[in-house]
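Notes for the structure review
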Amino acid sequence: MKSKNKTTGKYILKSIDTIMAIQILTTSKLPTDFGHFNIITFAIDETQQMPHIAMVHEDIDLSSDILLRMHSECLTGDIFSSKRCDCGPQLNKAMELIGREKGILLYLRQEGRGIGLINKMKAYNAQDEGMDTHQANLHLGFEADARNYDVALRMLHLLKVKNVRLLTNNPEKIAAFNKSSINLVSRIPLIMKSNEVNKSYLETKSEKFGHLL
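Throughout, a residue's number is its position along its own chain's written sequence, starting from 1. The predicted origin of the model limits local features to residues at a pLDDT of at least 70 and limits the giving and counting of side-chain atom pairs to 80 or more, whereas totals for whole chains, interfaces and linings rest on all residues. With hydrogens and water stripped out, all remaining heavy atoms of the structure feed into the side-chain values.

Residue-level confidence of the predictor, termed pLDDT, takes values from 0 up to 100. Per-residue confidence for the chain gives a mean pLDDT of 90, with 93% of residues at or over 70. Long-range and interchain partners of residues 1-13, a stretch whose pLDDT sits below 50, account for 30 contacts in this model, where long-range means more than four residues apart. Between two residues, a contact is recorded if the distance between any of their heavy atoms is within 4.5 Å.

In summary, the pairing rule links any two rings of Phe, Tyr or Trp, Trp by its six-membered ring, whose centres are within 6.5 Å, and it sorts them by plane angle into stacked for under 30 degrees, edge-to-face for over 60 and tilted for everything else. All told, the structure shown has 0 aromatic pairs when counted by the stated rule. We note Arg84 situated over the ring of Tyr124; from NZ or CZ to the ring centre the distance is 4.0 Å. Two thresholds decide whether a charge sits over a ring: the Lys NZ or Arg CZ must be within 6 Å of the ring centre and within 35 degrees of the ring normal. Above the plane of the ring of Phe209 lies Arg113, whose end atom (NZ or CZ) is 4.1 Å from the centre.

Exposure is judged per residue with a 1.4 Å probe applied to protein chains only, and the accessible area is read against the type maximum: over 50% gives exposed, under 20% gives buried, and values in between give partly exposed. Numbered from the N terminus, helices here are DSSP runs of H or I no shorter than four residues, and strands are runs of E no shorter than two. Within the span of helix H9 (residues 199-207), buried status applies to Tyr201, Leu202, Thr204 and Lys205. The buried residues of H9 all sit within an arc of 155° when viewed along its axis, so they share a single face. Each C-beta atom gives one direction from the helix axis, and the arc is the one those directions make.

This next bit is on the sheet that holds strand S4 (residues 35-43). Taking strand neighbours across the sheet as the criterion, the 7 strands line up as S3-S4-S5-S7-S6-S8-S9 in an open arrangement whose pairing is mixed. The sheet terminates laterally at strand S3 (23-32) and strand S9 (183-188), the two strands that pair on one side only. Across the sheet, the axes of successive neighbouring strands diverge by a mean angle of 25°, strand direction being ignored. Only when DSSP finds a minimum of two bridges between them are two strands counted as paired. For strand S6 (residues 66-72) and strand S7 (residues 104-108), the ladder comprises 5 bridges, and the chain directions are parallel. Across the sheet, residue His71 finds its bridge partner in S7, namely Tyr107. What counts as an axis is a line fitted to C-alpha atoms, over the stretch in contact for a helix, and the angles between N-to-C directions run from 0 to 180 degrees. Packed on one face of the sheet, helix H7 (residues 150-158) meets S3, S4, strand S5 (52-57), S6 and S7 and runs near 140° to S7.

The following block contains the structure:
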């Protein structure tokens with residue numbers, strides 16, 4: 001999978017060799033408002049300052065059908081409670097459900113649908129000028145959605161997960177399991193109520209990205 005940056009003209013390659021080199025680096029206990037978890041970092045090596053993360057409930061039963069959320073990082077929504085998207089509410093709801101059912105949350109460092117925070121801010125500016133989220137990423141020279149879920153499958157493999165119930169509205173996440181030995185048992189919707197700001201954003205997710213809303 002690749003995306004083209006309009007400014008540099010260079011392709012950003014997402015090599016399967018790079019993904020397969022990802023390994024578990026650290027595991028620590030993390031008590032949260034949603035329950036007690038083990039927080040596990042995944043990266044190629046310890047020089048990677050922004051590793052992917054798994055939040056694994058301390059009482060998980062790996063022989064069961066695991067409740068799973070694959071959540072791509074959204075600084076503005078997850079941390080600052082942005083109303084431009086539904087990411088923050090989705091993360092909180094997923095953690096609530098996962099805490100209750102002793103599952104796993106994968107926190108993937110794929111900010112801005114894979115284009116990074118700076119370009120995401122540029123996309124925001126384009127949206128403020130009248131584009132939707134799909135048009136804005138294309139305008140900047142990227143794929144409309146440049147994320148890759150092979151890394152999530154690699155993480156699940158390292159965690160020895162066999163069967164999952166996936167919290168998602170995104171058909172791309174569902175399709176990722178078609179080429180995986182991990183069994184997708186079912187999809188569970190994760191639909192958040194719109195607000196006065198993100199109504200058109202959610203409509204674009206449905207109409208142009210095919211999200212199951």
